[in-house]
Each structure stands twice: as C-alpha cells, then as structure tokens.
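# Overview (structure and organization)
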Amino acid sequence: GTMFSEDQLVTYSPSQLAAWLDCPTAHHYSYTVGLRKKASTKALDKGTYYHELSHVYYHTLKMGLHKPGSDFLVNMMRSRIKSDLSRITPENILVVKSVSDMILNFVQFQSPKIDAKIKEILGVELELKVPVTTHKGRNVLLHGILDLLYRDVNGKIVVRDHKTQEIAEKFVEAMELCFQRIN
C-alpha cells in the first residue's frame, strides 16, 4: 500500500464526513475555521457513557459464551451500572440513570433481535486509518473508530455505529460522495 508521512495527510473522520454531508457551511465553520460548541463541563456525557457500556456488552458477547439478551448479559450490565452509580459524582447521576435505561432496554429487548444476525464479532472499537491518494494526487487519511465489526449469518462483513446503527454501505457511499467533491 501507499505510505504517507502524517504531515502529508488531510484527515477525515466519519463524524467530519457526516457533518460535511449534512451541511457543508457548518462543516467549514466547525472544522476549517475552528468554531465549535464548547465542550460540556460535565465529566460524563450520554454518548460517551452509552458507547462505554456498549463496548463492555459486545466484548463480552464476542467471547461467544452467551446469546444476545441472555440473563447473564442483562445481569452483568446491571452490575456494571450499579458499580458506576456507586463511584460517580452527583452531577452525573442523571446521565448514568438515563443511559442505563436505554442500554438495558437494548440488551434485553433489541439485541436479541438485531444481534441474532451476528455469526462472529470480528472487533469492537477498532481504530481505522486508511491512507488514500485521490485521482488529483491529494493525500487523504480516512480515520475513525469502528464501534462494531462483525460477520453476519450470510457471511457478509458489517460495520455498525452505535449512535446511528448505520452499516458499511452508507459510510462508503458518504466517502465516495465526499471524494467526488474534494477531488
């Protein structure tokens, strides 16, 4: 493969691509000009905590010892949340309680349906860096974190994003559209 030094690359993450597809002007102000929302002063936000719990769940599911939504996995998640509640600061209690309701609902009711299609979990929270040279010679680094990579019962490789539940084809379509515009 083609190798580039880090200083030669323009880096695009899935979040950047999604922001650009949603609104190129907002993307420009956020990523080019650097105008961004101030980071939350809370130590914990819902998205971060949901991802953390999802990764715990899927790492355990990856071991192959329990079926999606099993009593073991539900109880494991309840224990983890209970432990988290005993260690957090008061301002984060509402975040943990809100996310715990979402994740327990997912583990108990949604995961047995959605994840029944998983034959093999290939990776959880995988960092992806792909250097690419566009047809105009521009060096671009596609960078992101794959929340979940698995092979389904039909042998298809699937990428899942916990926030959007989008699969690989949508991300590839977004990248192709962006490349058409940045080339």
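For the structure, check the block above.
No experiment lies behind these values; they were computed from the predicted model shown.

## Here we look at the packing of helix α3 (residues 46-62) against helix α5 (residues 93-114)
- The contact between α3 and α5 brings their axes to 10 Å, and the two run at 40°. Between α3 and α5 lies a crossing whose hand is right-handed. Where α3 approaches α5, its residues Lys46, Tyr49, Tyr50, Leu53, Ser54, Tyr57 and Tyr58 are matched on the opposing element by Val95, Val96, Ser98, Val99, Met102, Ile103, Phe106, Val107 and Ser111.
- Taken together, the residues that form the contact of α3 with α5 break down as twelve nonpolar, three polar and one charged.

## A closer look at the environment of Ile121
- Mapped onto the secondary structure, Ile121 falls in strand β2 (residues 118-133).
- Residues Ile121 and Leu61 lie 60 residues apart in sequence; the distance between their C-alpha atoms is 8.0 Å.
- Not counting residues up to four positions away in its chain, the partners in contact with Ile121 are Tyr58, Leu61, Lys62, Leu148, Leu149 and Tyr150.

## Regarding the packing of aromatic side chains
- Under the counting rule described, the total for this entry stands at three aromatic pairs.
- With a centroid separation of 5.0 Å and 80° between ring planes, the pair formed by Tyr57 and Tyr58 is classed as edge-to-face.
- Centre to centre, the rings of Tyr57 and Phe106 are 6.4 Å apart; their planes meet at 80°, and the pair counts as edge-to-face. Of this pair, Tyr57 sits in helix α3 while Phe106 is found in helix α5, placing the two residues 49 residues apart along the sequence.
- Ring pairing ties together the aromatic residues Tyr57, Tyr58 and Phe106, which thus form one cluster.

The rules behind each value
Residues numbered from 1 in each chain as written. Predicted model: local features only at pLDDT ≥ 70, side-chain atom pairs only at ≥ 80, totals over all residues. Heavy atoms only, no water. Axes fitted to C-alpha atoms, helices over the stretch in contact; angles between N-to-C directions. Helix = DSSP H or I, 4+ residues; strand = E, 2+ residues; numbered from the N terminus. Left-handed = near helix turned anticlockwise from the far one by under 90°. Contact = heavy atoms within 4.5 Å. Nonpolar A, V, L, I, M, F, W, Y, C, P; charged D, E, K, R; others polar. Phe/Tyr/Trp six-rings, centres within 6.5 Å; stacked < 30°, edge-to-face > 60°.

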